[in-house]
Amino acid sequence: MCGIFGCILKNGVAAPIVHAALKRLEYRGYDSVGEAAIYKNKLFIKKDQGKIDDVHAVHNLANIPGRIALGHTRWATHGAPSQVNAHPHMDCHKQIAVVHNGIIENFAEIQRELEELGHVFRSKTDTEVIPHLIEEELKDGLPLSEAVREAVKRLEGSYAVAIISVREPNKIVCARKESPLVAGVGEHGIYCASDIPAFLPLTNKAVIIEDGEIVVLADDRYEIRRISDGNPVLREPEVIDWTPEMAEKQGYPHFMLKEIHEQPLCLRNTLRLQEQYLDLMATFLERATEVYFVAAGTSYHACLAASYMFSKVALLATHPVIASEFIEQHGKAVNIDSTILAVSQSGETADTLAAVEWARQRAATILGLTNVVGSTLTRVARAYVCQQSGPEIGVAATKTFTSQLSVLSQLALNVAKRRGKISHTQIEDLEEKLQQIPDIVATILETQEAKIRQLAEKYKDKQCFFFLGRGISSATALESRLKLLEIAYVPSIAYPAGESKHGPISLIEPGFPVVFICPKDETRKTIMGNIMEMKARGASIIAILEEGDEETKKIVDDYIEIPTGFPEVLSPIPYVIPLQLFAYYMSVERNCDPDMPRNLAKSVTVK
Ligand code: F6R
């Protein structure tokens, strides 16, 4: 997600410090950059779309006067990357500058209200409501910190914000809900940032700002209060002994592990998608004669799972297709009545774009699901939604998969409502379960990680693995297989479990590890049969099963437990988590680099 930095220096000019801090945030990925500073009661802003060095070459980001300044690297979610959408954002009278990381769910409603009061909006971002809200509160004569406190109380969603204003030019006011925020207390100044690496060379004394808190930085002091009631919070700085490299990974040894742990937050963000975007996509999907889900790698596995979701929930048949095969397999059948939903984290995968281009030339409707607003896919799609999971740095897609699944299941539910094929109660139940998923994923991470690590130690020398699941779990099996083979270099096989006896079972010999994904769903009886078949041939069975599934526990060698009561169509999200961790720890045990597997690139832009 976006990077934030702010600083109040005791002496000197802040802009070069902000510029250097933004460079330290570059590793997170971004599409635009900006700075604001206050000097002689005037606000100075420089911002643009593009890489820091390119924006610096044009605007000289180190050359802004003033000892108080903010900086921002943007990862677009609302509004394409552009100069006007870059942060900082200002109020009508250019007195307040705001940088923000997060998603404001109710921005459209607040914007409407503020426009009725005469506010003029310049950008297409959700963030811009914040300076205008503060402007409104300041009209009532509140001090800046109180105006910010009142303003953020109106916000639904997630935010870390830093604000400066010429009204109180010696302060930075910050507030946090869900998105990370930390203050740094240094010898030469005081800082705020979205992550510690931004200020680590300046100070190692950090104050973690908690959810629901507002902090005012002024000269060399900081004052924390609760947003809800304004009561003060006392918190001493802690000394951070991380190296800059460790700090970028927030203390995790690898980006992949950090990203696996980010999934509860990412999933919460996916649930903040604007209904209007889902509605638009659903309208196209509902109208289509033929729907193709087109993607590569992990994104294809999300499409495969989505085809089960659409069939079971919306009673709509869809074709999940591997992008590089699309033209050969379906090219001639594509026409004006076809709808292609292309799913691509990067939005730049050459095979996916080639399939899209083919379909576009045949007048098909192109829809997109991507993580990168402004990517080629968002430019060629008739409509798109963003998976909202922020930059993924580890080459192996992890938070991408679960975020895509969450968005696709929301789409399936939206189409289901329109088609009226399942009952309202069923839909409401699924929606409720979807809301619970972030917490369930957090529980799995908290309770199962140590055990998974032990499993990786136990199985690290195995030469080959089988991954088997039935129904929608066969997509989970394929994705888990891909993770293990790509980062731990363990040749592995995944099949729908029913298919295993049509050939692959001949590989089984005593001790051969077979991973079964076995939620207690409609496939239960048959998957138990498949487990017995493997067991009879001496396989070592590892099961991902539901808590309290004593029957399965008795017959398998090892198991990982998932909280009970999950609807089948949502099960790939919780069930893939332990297997992402398993692949990660296998990679570490086998002395591989999980973040940078050999021969692979994050974005595959060649066919
Ligand atoms: C696997 C992985 C790749 C990508 C694939 C598609 O961990 O990361 O298989 O999923 O290259 O990439 P996107 O989603 O960017 O089109």
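The structure this text deals with has already been given above.
This one's a predicted model, so the numbers in the text were calculated from it and none came from an experiment.

Draft legend 1. Spatial organisation of the sheet that holds strand β8 (residues 171–177). Ordered by their spatial adjacency, 7 strands build an open sheet running β5-β6-β7-β8-β12-β13-β14, and the pairing between neighbours is antiparallel. Strand pairing shows two members of the sheet lacking a second neighbour, β5 (89–90) and β14 (232–233), which therefore form its edges. Where strand β12 (residues 213–218) meets strand β13 (residues 221–226), 6 bridges bridge the pair, whose relative direction is antiparallel. Paired with E213 across the strands is R226, a residue of β13.

Draft legend 2. View of unusual backbone geometry. In this model, H87 is joined to P88 through a cis peptide bond whose omega is 0°. On the secondary structure map, P88 appears in the loop between β4 (68–74) and β5. Within the chain, L315 stands out as a residue other than glycine whose phi angle is a positive 55°. The residue L315 is located in the loop between α10 (297–314) and β17 (319–322) in this model. Relative accessible area serves as the criterion here: at 41%, L315 is assigned to the partly exposed category. For Y489, which is not a glycine, the phi torsion comes out positive at approximately 55°. Following the sequence through the fold, Y489 ends up in the loop between α16 (473–488) and β22 (492–496).

Draft legend 3. A look at the nonpolar core. Judged by nonpolar contacts, the single largest core of 86 residues is most densely connected at F310, L341, L411, F465, L484 and F582. By residue number, the principal contributor to this core is helix α15 (residues 424–459), which donates 12 residues. When we break this core down by domain, the ones giving at least three residues each are domain 2 (252–422) and domain 3 (438–600).

Draft legend 4. Fine view of the environment of H19. Assignment of secondary structure puts H19 in helix α1 (residues 15–24). A C-alpha to C-alpha distance of 46 Å links H19 and P563, two positions 544 residues apart in sequence. Excluding anything up to four places from it in sequence, H19 contacts E35, I52, H56, L61 and A62.

Draft legend 5. Up close: the pairing of β8. Counting buried positions over the 7 residues of β8 gives 5, a clear majority of the element. Where strand β7 (residues 157–165) meets β8, 5 bridges bridge the pair, whose relative direction is antiparallel. Residue pairing across strands places Y159 opposite K177, the latter belonging to β8. The loop that links β7 with its antiparallel partner β8 comprises 5 residues. Inspection of the sheet shows β8 paired to β12 by 6 bridges, in the antiparallel sense. Looking at β12, one finds that V173 is bridged to V216.

Draft legend 6. View of the site of the ligand. Taken together, 14 residues surround the ligand, and among them S299, S344, S346, T349 and E486 come closest. S299 places a side-chain nitrogen or oxygen 2.6 Å from an oxygen atom of the ligand. When the ligand sits alone it has 410 Å² of accessible area, and the protein chains cover 90% of it. Put simply, the parts of the chain that give the shell around the ligand at least two residues each are α10 and α16.

Draft legend 7. Representation of the pattern of salt bridges in the model. Evaluation of the coordinates by the stated rule reveals 31 salt bridges. R154 is the salt-bridge partner of E113, the closest N and O atoms lying 2.9 Å from each other. One end of the pair, E113, is in helix α3 (residues 107–116); the other, R154, is in the loop between α5 (144–153) and β7, with 41 residues separating them in the sequence. Under the relative-accessibility criterion, E113 is labelled partly exposed at 34%. Using a relative accessible area of 29% as the deciding quantity, one classes R154 as partly exposed. Between K483 and E479 there is a salt bridge, with the nearest N and O atoms lying 2.6 Å from each other. Of the two residues, K483 and E479 both sit in helix α16, 4 residues apart, roughly one turn of that helix. The buried category is assigned to K483, whose relative accessible area is 0%. The exposure class of E479 is buried, given its relative accessible area of 0%. Within the structure, one salt-bridge network assembled from shared partners comprises K23, E26 and D53.

Draft legend 8. Region of interest: the packing of aromatic side chains. Considering all chains together, one arrives at 10 aromatic pairs under this definition. Here the aromatic rings of F465 and F582 are separated by 5.7 Å at their centres, their planes lie at 65°, and the arrangement is edge-to-face. Note that F465 is positioned in strand β21 (residues 465–469) and F582 in helix α19 (residues 572–589), a separation of 117 residues in sequence. Assigned by exposure class, F465 and F582 land together as buried. Seen in terms of ring centroids, Y584 and Y585 are 4.9 Å apart; in terms of plane orientation they differ by 75°. Their pairing is edge-to-face. Assigned by exposure class, Y584 and Y585 land together as buried. The rings of Y459, F465, F467 and F582 are connected pair by pair, giving a single aromatic cluster. Geometry around W358 places R362 over its ring, the cationic atom sitting 3.5 Å from the centre.

Rules used in this analysis
Residues numbered from 1 in each chain as written. Predicted model: local features only at pLDDT ≥ 70, side-chain atom pairs only at ≥ 80, totals over all residues. Heavy atoms only, no water. Pairing = 2+ DSSP bridges. Helix = DSSP H or I, 4+ residues; strand = E, 2+ residues; numbered from the N terminus. Buried < 20%, exposed > 50% of the residue type's maximum accessible area, 1.4 Å probe, protein only. Core = buried A, V, L, I, M, F, W, Y, C linked by side-chain atoms within 4.5 Å. Domains from an automatic or database assignment. Contact = heavy atoms within 4.5 Å. Near = heavy atom within 4 Å. Polar contact = N/O pair within 3.5 Å; in protein donor to acceptor, adjacent residues only side chain to side chain. Areas by Shrake-Rupley, 256 points an atom, 1.4 Å probe, with all protein chains shown as cover. Salt bridge = Lys/Arg side-chain N within 4 Å of Asp/Glu carboxyl O. Phe/Tyr/Trp six-rings, centres within 6.5 Å; stacked < 30°, edge-to-face > 60°. Lys NZ or Arg CZ within 6 Å of the ring centre and 35° of its normal.

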